[in-house]
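Summary of structural features
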Amino acid sequence: MTNDLFPEKPLPRYEGLVVDAHGHAAAPKADALIATRPEFGEAMKRMAVGTGAASMKHNAEIVLPRASRKFGDIEERLQDLDRMGIDVQVVCPSPHIYSYWADEALAQDIVGLANEAMLQEVARAPKRLVAMGIAAIQHPELAARQLRDAVASGLRGIEISTMVGQTELSNPELDIFWAAAEETGAIVFIHPLGTSLGPRLDRYYLSNAIGQPVETAIALSHLIFSGVLDRFPRLKIFGAHAGGYLPHYIGRSDHAWRVRPEAAGCSKLPSDYLRDIWFDTVMFDDLYLSHLIARVGRDRIMFGTDYAFDMGDYNPGRIASSIADKDDRAAVMGTNAVKFFGISAD
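Below is a short write-up of the structure. What you are looking at is a predicted structure, and each value in this text was computed from that prediction instead of being measured.

**A short note on the overall build of the protein**
From N to C terminus, the protein includes 14 helices and 11 strands. Dimensions of the protein, computed from C-alpha atoms along their principal axes, come out at roughly 55 × 50 × 45 Å. Residues classed as buried in the protein amount to 55% of the 346 residues present. Partitioning the intrachain contacts of the protein with sequence separation of at least 6 by distance along the chain shows that 77% fall at a separation of at least 24. Per element, the accessible surface of the protein, about 15,100 Å² overall, is 54% carbon and sulfur. Averaging the positions of the 35 positive and the 45 negative side-chain charges in the protein gives two centres separated by 3 Å.

Here you go:
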């Protein structure tokens, strides 16, 4: 692979509709607002504990400058989409912008600037891009208002992390946010930022290779076992990185639900809820993708890249060719995302 993410030789093509359900974009004004805040510096120090010096250095010197260049140049983004054969891309802010440490006044400004940046990105290429925003879910009432404002402005939903500081997504204080998401039909994209597993993952880039899928699995498990998905059954939950490890090890969750009283807080088997959640394809394993299709159904899976980071998957042609059934292939590569995000047939 080159430093520009793509192989030297041309990528294989999938000639059907391709929608990238998992891309990112920059929010420069929000970045500038948080960059000098001591709380942001402390948050980065905490992240470094679990990421390690070598990975932090590589991110600072290689990954982030390259992503920033691609985020800042709409022509380069569109050229990349054309090179991959992607018709439409869904973008959301880079997760570092969450800023769950911010007080209400600052959080209002951060979210406003970030969401406006996503709308501006779409305006630069309205036939190729749609967007999701963020919300300050550390302040649930504010987040509910921000979510409604985001949907009213044209954003398709909200990207959130797998935890809010030290608070799990199952905390009852967040019910006002979940109620607003269900009421508006907004998508809630659960995308981790770092890992809570600390220095055990501070080398070999385990913080991302293992840690981030673990975080997503934990967050989805909290939503399932706590009964959040029972109380708000119409939620549109979208799990990044193929839902982490949860879909592939869900049998153990089902067994716990059957034999442990403290694991029976949800009304049905944990595996039954997987068909109420949507997942992307960012897993780098064609065998696991076929298992995910069999487990949750083809209508719950959408192609994604994680553009423009080095842990992204930029080969839709390969992914499409790994899906044997043509109807499964068409659904995963494009038509599911068209329905889910309400993308115009044009």
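On we go from here.
**Notes on the pattern of salt bridges**
Per the stated rule, a full pass over the model turns up 21 salt bridges. We note a salt bridge from Asp325 to Arg298, for which the minimum N-O separation is 3.8 Å. Here Arg298 lies in the loop between α12 (286–296) and β11 (301–302) and Asp325 lies in the loop between α13 (316–322) and α14 (326–341), a separation of 27 residues in the sequence. The exposure class of Asp325 is partly exposed, given its relative accessible area of 37%. What emerges from the salt-bridge pattern is a single network uniting Arg69, Lys70, Glu76 and Asp80.

**Quick word on the pairing of strand β8 (residues 187–190)**
Residues Ile187 and Phe189 of β8 are buried on one face, and the alternating residues Val188 and Ile190, pointing to the opposite face, are buried as well. Inspection of the sheet shows β8 paired to strand β9 (residues 236–239) by four bridges, in the parallel sense. Within β9, the residue paired with Phe189 across the bridge is Phe238.

**Examining the sheet that holds strand β4 (residues 133–134)**
Taking strand neighbours across the sheet as the criterion, the six strands line up as β4-β5-β8-β9-β10-β11 in an open arrangement whose pairing is parallel. Only two strands of the sheet have a single neighbouring strand rather than two, namely β4 and β11.

**Digging into the packing of helix α5 (residues 104–124) against helix α6 (residues 140–153)**
Two elements in contact, α5 and α6, have axes whose closest approach is 11 Å; the angle formed by their N-to-C orientations is 20°. Considering their axes alone, α5 and α6 lie roughly parallel with respect to each other. In this structure, α5 meets α6 at a crossing whose hand is right-handed. Counting all contacts with α5, which are made through Glu104, Ala107, Gln108, Val111, Asn115 and Leu119, the residues of α6 involved are Leu142, Gln146, Ala150 and Ser153. Partitioned by chemical class, the residues of the contact of α5 with α6 number five nonpolar, four polar and one charged.

**Description of the packing of aromatic side chains**
Under the defined criterion, the tally for this structure stands at 10 aromatic pairs. Considering the side-chain rings of Phe238 and Phe340, the 6.0 Å spacing of their centres and the 80° angle between planes classify their relative orientation as edge-to-face. Taken as a pair, Phe238 in strand β9 and Phe340 in helix α14 lie far apart in primary sequence, 102 residues in all. Classification of Phe238 as buried rests on a relative accessible area of 0%. On the basis of relative accessibility, which here comes to 7%, the residue Phe340 falls in the buried class.

**A few points about the pairing of β9**
As paired strands, β9 and strand β10 (residues 277–280) are joined by three bridges and run parallel to one another. Residue Phe238 lies in a different strand from β10, and its bridge partner there is Trp278.

**Quick word on the nonpolar core**
Ile137, Ile160, Leu169, Phe177, Trp178, Ile190 and Ile237 are the most contacted members of the largest nonpolar core, which has 90 residues in total. With eight residues, the top contributor of residues to this core is α5. Those residues in contact with Ile137, other than ones at most four positions away along the chain, are Tyr100, Ala143, Ile160, Val164, Leu169, Leu174 and Phe177.

Conventions adopted
Residues numbered from 1 in each chain as written. Predicted model: local features only at pLDDT ≥ 70, side-chain atom pairs only at ≥ 80, totals over all residues. Heavy atoms only, no water. Helix = DSSP H or I, 4+ residues; strand = E, 2+ residues; numbered from the N terminus. Buried < 20%, exposed > 50% of the residue type's maximum accessible area, 1.4 Å probe, protein only. Contact = heavy atoms within 4.5 Å. Areas by Shrake-Rupley, 256 points an atom, 1.4 Å probe, with all protein chains shown as cover. Lys, Arg positive; Asp, Glu negative; His and termini not counted. Charge placed at Lys NZ, Arg CZ, Asp CG, Glu CD. Salt bridge = Lys/Arg side-chain N within 4 Å of Asp/Glu carboxyl O. Pairing = 2+ DSSP bridges. Axes fitted to C-alpha atoms, helices over the stretch in contact; angles between N-to-C directions. Parallel < 35°, antiparallel > 145°, perpendicular 65-115°, else oblique. Left-handed = near helix turned anticlockwise from the far one by under 90°. Nonpolar A, V, L, I, M, F, W, Y, C, P; charged D, E, K, R; others polar. Phe/Tyr/Trp six-rings, centres within 6.5 Å; stacked < 30°, edge-to-face > 60°. Core = buried A, V, L, I, M, F, W, Y, C linked by side-chain atoms within 4.5 Å.

Purely geometric numbers; function is a separate question.
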